[in-house]
Amino acid sequence: MPELPEVETIARDLASILTGQEVKRAKLITAAIREDCGYKNLSSLKGKCLNSISRRGKNLIFHFSGNTAMICHLKMTGQLLIRKNTRPDKKHLHFYIEFTKDKLEYYDVRKFGRVCVIKENNLEKHPRLQKLGPEPFALTPDLFAKLIKKRNKAIKTALLDQEICAGLGNIYADESLFDASIRPTLKAGKISTARLKQLHRSIIKVLEYAINNRGTSVDDYLDGFGQSGNFQNLLKVYGKTGQACPNCGKPIKRIVLGGRSTHYCSICQR
Ligand SMILES: [Zn+2]
């Protein structure tokens, strides 16, 4: 699933091409991906100008003129593609938007992704956005430690909880815990404030490094230009089961924690 760095990369890529363009036509092909938030149809975007694209957690938000916003969550296999990167085979095409110069197409093999069009000034009331915790970049180390300390679950599981902090998924939770030398199974509430503050610094460092490397392509993720990211080449523990820890050389372990595969070094992470 695309996580914060992947969604941020897609938002920036698409914004660099589409900002300032007017919608000529917008069409929803597959009704199942329309999120029912009780507002407008995709076709109502016609005539609106795209002002900007932002990200909140793992959601892309397209800001249009006329108090209109479109929220898109790619879930497992969603892809937003433009220009020559769109596919000749339209089997998995579920909606498209024709702009003045470019066409944006949404493909999704598993159809778990969601899209909806709502009033810009209702964004904060949207059910999915409303539940999201703060962005990691918006938190101070102190505030992050306070939020985490209240939780009586494994630290890895707490990091995946979008209501505590938005945007982290399996890859960056594992990588951040490795960077902070914290074992994923430790109870969140039992970890010292100093170590949690270090963890926040590690999260920011890992996320920024991943954004600068255009995200991680281990599944279906492609950036806005249809290209793979680079961060899969820089991962230290995620997906490295049995390979040597880059710090100590011992094999990386894999366990299942809260239903998610979890990778760590039993020597370096305590
Ligand atoms: Zn190690």
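The structure this text deals with has already been given above.
Criteria and thresholds
- Residues numbered from 1 in each chain as written.
- Predicted model: local features only at pLDDT ≥ 70, side-chain atom pairs only at ≥ 80, totals over all residues.
- Heavy atoms only, no water.
- Salt bridge = Lys/Arg side-chain N within 4 Å of Asp/Glu carboxyl O.
- Helix = DSSP H or I, 4+ residues; strand = E, 2+ residues; numbered from the N terminus.
- Buried < 20%, exposed > 50% of the residue type's maximum accessible area, 1.4 Å probe, protein only.
- Pairing = 2+ DSSP bridges.
- Axes fitted to C-alpha atoms, helices over the stretch in contact; angles between N-to-C directions.
- Contact = heavy atoms within 4.5 Å.
- Donors = N, O, S within 2.8 Å, 3.2 Å for Na, K, Ca; no water.
- Tetrahedral: all angles 85-135°; square planar, octahedral: opposite > 155°, others 65-115°.

1. Quick notes on the pattern of salt bridges
This structure, assessed with the given rule, holds 15 salt bridges. Across the salt bridge formed by arginine 55 and glutamate 135, the nearest N and O atoms sit 2.7 Å from each other. Of this pair, arginine 55 sits in strand S2 (residues 50–56) while glutamate 135 sits in the loop between helix H2 (127–130) and helix H3 (141–149); the two residues are 80 residues apart in sequence, bridging distant segments of the chain. For arginine 56, the salt bridge identified is with glutamate 135, shortest N-O distance 2.9 Å. Of the two residues, arginine 56 is situated in strand S2 and glutamate 135 in the loop between H2 and H3; the sequence distance between them amounts to 79 residues. Taking the relative accessible area as the measure of exposure, glutamate 135 reaches 12% and is therefore buried.

2. Observations concerning the sheet that holds strand S5 (residues 78–82)
Pairing is antiparallel in the open sheet, where four strands are placed in the order S1-S6-S7-S5. At either margin of the open sheet sits one strand with a lone partner, and together these are strand S1 (23–28) and S5. Strand-to-strand, the axes of this sheet are offset by a mean angle of 15°, without reference to chain direction. Note that S1 and strand S6 (residues 93–99) share five bridges and pair antiparallel. Bridging across to S6, leucine 28 finds its partner in phenylalanine 95. Of the strands in this sheet, S5, S6 and strand S7 (103–108) touch helix H1 (residues 4–18), which is tilted by about 25° from S5.

3. Concerning the coordination of the zinc ion
Here the zinc ion is held by Cys245 (SG), Cys248 (SG), Cys265 (SG) and Cys268 (SG), and the distances to it run 2.2 to 2.4 Å. For the zinc ion, the four donor atoms in the first shell make angles of 100 to 115° at the metal, a pattern classed as tetrahedral.

4. Notes on the sheet that holds S2
If you walk across this open sheet you meet the four strands as S2-S3-S4-S8, and the pairing is antiparallel. The open sheet is flanked by S2 and strand S8 (114–119), the only strands paired with a single partner. On average, adjacent strands in this sheet sit at an angle of 20° to one another, irrespective of strand direction. As judged from the six bridges shared by S2 and strand S3 (residues 59–64), these two strands associate in the antiparallel manner. When the bridges of S3 are listed, serine 52 appears paired with histidine 63. Against the sheet, H1 contacts S2 and S3, and its axis sits at roughly 175° relative to S2.

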